[in-house]
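# Examination of the molecular architecture
As a plain string of letters, each chain reads:
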Amino acid sequence: VVVDENGEGEYSSSSEECVAAFGNFEISPCATVLNYGQALFEGLKAFRRDDGSIVMFRPEMNARRMQNGARRFLLPPVDTDTFVKAADAVVRSNARWVPPVGKGALYLRPLLMGTGA
C-alpha cells in the first residue's frame, strides 16, 4: 500500500499482488502495528455449494466493517471491490481446503495493519 500524508492509500486487487506463498515478511521495528497496536482483522467464510461451486458469505459486509475500523484506527480504508476481489483470490488459491457441502467452511482472516513508522 502507498499512503500519502492525508491517509489515502492505494491497494491492489490483482491476485498476483495479493496472494503470495506462505512465509515470513519484513516489517520495520518502528511500524505502528508493533508500537501502538494499529491493526484490525475481519473473519469471513467460504462454503462449497451442492453444485461444487464456492461462495463467500456476505463479503461486502466484512469490507464495510473493515472500512469503518480503518477510519477509527486512522488507516486508509480498503474499498469494497478491492476487499472482495482479494478475498476471492485467496479463496480461489485455497479452493482445495474448502470442505465438502455440509462439512464446514474455509475461514479467512483478512488483516489490515499499520506498517508505517
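Residues numbered from 1 in each chain as written. Predicted model: local features only at pLDDT ≥ 70, side-chain atom pairs only at ≥ 80, totals over all residues. Heavy atoms only, no water.

Right, let's get into the environment of Phe 41. Inspection of the secondary structure assignment puts Phe 41 in strand E3 (residues 39-41). C-alpha of Phe 41 to C-alpha of Leu 112: the two residues are 71 residues apart in sequence and 6.1 Å apart in space. (Helix = DSSP H or I, 4+ residues; strand = E, 2+ residues; numbered from the N terminus.)

Strand order in the open sheet formed by 3 strands is E5-E4-E6, and the pairing between neighbours is antiparallel. Both outer strands of the open sheet, strand E5 (54-56) and strand E6 (106-108), are each paired with one neighbouring strand and no more. Each neighbouring strand pair of the sheet contributes to a mean axis angle of 25°, computed without reference to strand direction. Inspection of the sheet shows strand E4 (residues 44-48) paired to E6 by 3 bridges, in the antiparallel sense. Looking at the pairing, Ala 46 lines up with Leu 106 of E6. The sheet contacts of helix H4 (residues 80-93) involve E4, E5 and E6, and relative to E5 the element is tilted by about 145°. (Pairing = 2+ DSSP bridges. Axes fitted to C-alpha atoms, helices over the stretch in contact; angles between N-to-C directions. Contact = heavy atoms within 4.5 Å.)

What follows covers the pattern of salt bridges. Per the counting criterion, the structure on display carries 3 salt bridges. Note that Lys 85 is salt-bridged to Asp 81, the shortest N-O span being 3.2 Å. Taken as a pair, Lys 85 and Asp 81 lie in helix H4 at a separation of 4 residues, close to a single helical turn. You can call Lys 85 partly exposed: its relative accessible area is 41%. Residue classification places Asp 81 among the partly exposed positions, given a relative accessible area of 44%. (Salt bridge = Lys/Arg side-chain N within 4 Å of Asp/Glu carboxyl O. Buried < 20%, exposed > 50% of the residue type's maximum accessible area, 1.4 Å probe, protein only.)

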